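Inside the fold
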Amino acid sequence: MTADTTAMPTDVVHVVAEPHEVAGLVVLALSADPTAAVHVMCLGVPDPATAQALTGCGAMSVVVLAAGAPVPSPGLDRPEDYVPAVAERLAGATPGLVLVPATVSGWEIAARLATRLGCGLVSEATSVRRLPDGGWCAERTLYAGAAVQGLEWHGRAVVSAAAGRGGPGALPPPDAGGAGSGGPVALETVVVDRDTRVRVTSRTSRERDAVDLSAASRVVCVGMGVQTLDDLALVEDLARALGAELACTRPVAEDRGWLPVDRYIGISGASVHPDLYVGVGVSGQVQHTVGIRDARTVVAINTDASAALMGQCDHGLVGDLRELVPLLAGAVRAAGVPS
Amino acid sequence: MPRAVVCYKWVPAENELRLDPVTRAVDTSSARWKVSDYDRNAIEAGRVLAAERGAELVALTFGDAGAKASQKDVLARGADRAVHVVSAAAGSADGHVTAHALAAQVRALGDVEVVLCGEGAADTYAHEVGPRVAEVLGWPVVTNVRELAVQGERLHAVRVVGGDLEAVECDLPAVVTVLAEVGPAPIPGLKAVIAAGRKPGEQVAVDALGLAPDALAPRTVVTRVTGYAAERSRVLLDAGEPAERVAALVSALTETGAL
Ligand SMILES: Cc1cc2nc3c(=O)[nH]c(=O)nc-3n(C[C@H](O)[C@H](O)[C@H](O)COP(=O)(O)OP(=O)(O)OC[C@H]3O[C@@H](n4cnc5c(N)ncnc54)[C@H](O)[C@@H]3O)c2cc1C
């Protein structure tokens, strides 16, 4: 999120986030407007190291909302359950932007807060700006990336901003000069009633992969056209020949579970910025291609010459991947391409 | 009879938008319209749930006169009844207005034990209306659901929350937003399409819902929609032997410095 707030009165920004998300959002608010008065509502009690960091995060105040009885078991707390407490406190606070992380929990929190406050919501804003008349305008992605929408409003609004996706909507890393003007503040802890209507019975981690696709210089992407594990092995071999990271489309990860979910590219996954992207059996729906816009060169391998990706690539190799992928891996090796 | 309601949005197909070559303004007039993708998964999840519960499945949308055309499709997908809350101003409605209109119609239906929504709409993908409807109704909401079951008066669901799968339960009535992974949405067969013609599709004027003017006043205004056009060279290698096509690709990539 970026902002341009030249010669505007000091803005009030309420950051509402889980302990580990706070610092990044405060940096975001302050980079948008260095003079903003940032107030934090932290959903849940931070561990000692995070608490220490929060005292110097640049906010003017940090209120920690701690769960009242019944205290949830460790790991079964939900940030969503603080919505009524947050809404109550915000209703009595100076109006301003309410900034929430664009995560699954954040989306719910943002929409519920906006409803309780009777105000607008800008979900996953990529920029927010003050208007000369005191109103606001923002931009966000529409049609899964096929378009950008400009919005305006007056008064209060809840804004969620995308975290960790790369690109203009991304949050800067928490250490990007967050120790703003305010100096250290004391954390104030308030015990609040939670919304206990939705109860967590268990939480399990999905298979994760510490891969950072956004840093890869070459990416080979597996689409649903890769139909068997033998075919997948061919594509993996091409990735090895190219020294590329293996990525996939959403259904390959979410439906087939062939690759960890961290490896899918698109509006709800990763954005990549490689020199070379090779899409194998990828149709090229906009929900996917929005994540490969910044690729310098896009290659498509597809049996269907009219697939959408063929119209959005630099080089379209038409044919069966089972035939073309091994040939390409061989040619890349024969050419002695540095990986 | 208890009711299950699925809220859906009627949207232009995002791959059929036209862009003005100069202003890049988006023109939806030649696009086909469709029931938003994840809402189809929601309808199928609702169909399964309603059958288990002996409930009536109502497919509910808020839209301008054009959205009437959606009713055939949602009825063919398994809704027992389709209700379209009509507003000429729906095109400029935001999540606040939409949620108030949908929630008011849910109240008007009565006996609703669950409201299902897609996790995000194909056009705005704001993840907004489901949780907003829940708040307006004063019901709990369970978002981003990939597994769903109801036992007695209790809903059990598995949410995808970042890297975690979160199993939750809550009491009915509740609002649930679903991911595509909750289950595939089959294309209706001919029999279902014919049967849809005999099912009721109703139009309700938004003014008949007794909403306060404030509930129908948008909080945000869309000022512009600008399209994105990919600038790529689009060289198709579709002729010659496979090995020749591959060789042509490798030399092109080497020439441009991509390899
Ligand atoms: C709200 C929303 C969010 C979404 N978010 C994402 C996202 O973040 N990321 C994402 O990827 N998707 C996302 N999707 C899904 C997206 O719309 C597409 O459904 C998905 O990207 C398609 O994946 P695919 O290209 O692998 O499969 P398909 O569309 O099934 O395409 C397979 C392709 O393989 C080709 N093929 C088949 N056999 C062969 C062969 N032997 N050799 C060569 N080619 C072959 C076919 O011609 C076809 O073009 C989202 C959808 C929605 C509605």
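Calculation rules
Residues numbered from 1 in each chain as written. Chains lettered and ligands numbered in written order. Predicted model: local features only at pLDDT ≥ 70, side-chain atom pairs only at ≥ 80, totals over all residues. Heavy atoms only, no water. Near = heavy atom within 4 Å. Polar contact = N/O pair within 3.5 Å; in protein donor to acceptor, adjacent residues only side chain to side chain. Contact = heavy atoms within 4.5 Å. Buried area = accessible area lost by both parts, 1.4 Å probe. Salt bridge = Lys/Arg side-chain N within 4 Å of Asp/Glu carboxyl O. Helix = DSSP H or I, 4+ residues; strand = E, 2+ residues; numbered from the N terminus. Nonpolar A, V, L, I, M, F, W, Y, C, P; charged D, E, K, R; others polar. Axes fitted to C-alpha atoms, helices over the stretch in contact; angles between N-to-C directions. Parallel < 35°, antiparallel > 145°, perpendicular 65-115°, else oblique. Left-handed = near helix turned anticlockwise from the far one by under 90°. Phe/Tyr/Trp six-rings, centres within 6.5 Å; stacked < 30°, edge-to-face > 60°. Buried < 20%, exposed > 50% of the residue type's maximum accessible area, 1.4 Å probe, protein only. Lys NZ or Arg CZ within 6 Å of the ring centre and 35° of its normal. Expected span 1.5 Å × (residues − 1). Disulfide = S-S within 2.5 Å.

1. Observations regarding the site of the ligand
Near the ligand, the surroundings consist of 29 residues, among which A:M224, A:T249, A:I265, A:S283 and A:N302 are the closest. Each of chains A and B places residues near the ligand. Contacts to the ligand include A:M224, whose backbone N or O atom sits 2.7 Å from an oxygen atom. Contacts to the ligand include A:Q287, whose side-chain N or O atom sits 2.9 Å from an oxygen atom.

2. Looking at the interface of chain B and chain A
Listed as interface residues are 73 residues of chain B and, on the opposing side, 80 residues of chain A. Buried surface at the junction of chain B and chain A, summed over both partners, amounts to about 6700 Å²; 53% is from carbon and sulfur atoms. Looking at the side of chain B facing chain A, the largest losses of area belong to B:E135, B:R232 and B:L259, adding up to 10% of the total buried there. Between chain B and chain A we count twelve salt bridges in total. Its salt-bridge partner being A:R116, residue B:E135 comes within 2.6 Å of it at the nearest N-O pair. Between the two partners, chain B and chain A, sit 42 residue pairs in polar contact (both at pLDDT 80 or more). At the level of secondary structure, the elements contributing two or more residues to the side of chain B that touches chain A comprise α4 (129–137), β9 (141–151), β10 (154–161), β11 (164–171), β14 (221–227), β15 (235–237) and α6 (242–255) of chain B. Classifying every residue of the side of chain B that touches chain A by side-chain character gives 37 nonpolar, 16 polar and 20 charged.

3. Looking at the packing of helix α5 (residues 229–242) of chain A against helix α8 (residues 321–334) of chain A
Residues and elements named next belong to chain A. Contact geometry of α5 with α8 gives a least axis separation of 9 Å together with a crossing angle of 20°. When the interaxial angle is binned, α5 and α8 end up roughly parallel. Crossing hand, α5 versus α8: left-handed. Only L321, R322, V325, P326, L328, A329, V332 and R333 of α8 make contact with α5, whose side of the interface consists of D231, L234, V235, D237, L238, R240, A241 and L242.

4. Examining the packing of aromatic side chains
Counting across every chain of the model gives three aromatic pairs over all chains. For the pair A:W136 and A:W153, a centre-to-centre distance of 6.3 Å together with 10° between the ring planes defines the contact as stacked. Of the two residues, A:W136 sits in strand β6 (residues 136–142) while A:W153 sits in strand β7 (residues 147–153), which places them 17 residues apart along the sequence. On the basis of relative accessible area, A:W153 is assigned to the buried category, the value being 2%. Between B:Y38 and B:Y125, the ring centres sit 6.4 Å apart and the planes meet at 70°, which makes this aromatic pair edge-to-face. Placement of the pair is B:Y38 in helix α1 (residues 37–53) and B:Y125 in the loop between β8 (112–118) and α4, with a sequence separation of 87 residues. On the basis of relative accessibility, which here comes to 11%, the residue B:Y125 falls in the buried class. A cation over a ring is seen here: A:R256 above A:W258, with NZ or CZ 4.4 Å from the ring centre. The residue whose ring lies beneath A:R293 is B:Y228, and the NZ or CZ to ring-centre distance is 3.3 Å.

5. Examining α5(A)
Residue and element names in this part refer to chain A. Along its 14 residues, α5 runs 20 Å from first to last C-alpha, staying within 8% of the 20 Å computed at 1.5 Å per residue. Of all the residues in α5, the buried ones are D231, L232, V235, L238, A239, A241 and L242. Against the buried residues of α5 lie β11 (218–222), β12 (245–248), β13 (276–280) and α8. A positive backbone phi angle near 65° is found at G243, which sits one or two residues after α5.

6. Side note on the state of the cysteines
What makes a disulfide is a covalent bond joining the sulfur atoms belonging to two cysteines. Residues and elements named next belong to chain A. Scanning all chains against the criterion turns up zero disulfides over all chains. Here C119 is not disulfide-linked; the sulfur of C137 is the nearest cysteine sulfur, at 17 Å. For the unlinked cysteine C221, the closest cysteine sulfur is that of C248, found at 6.3 Å. Using a relative accessible area of 0% as the deciding quantity, one classes C221 as buried.

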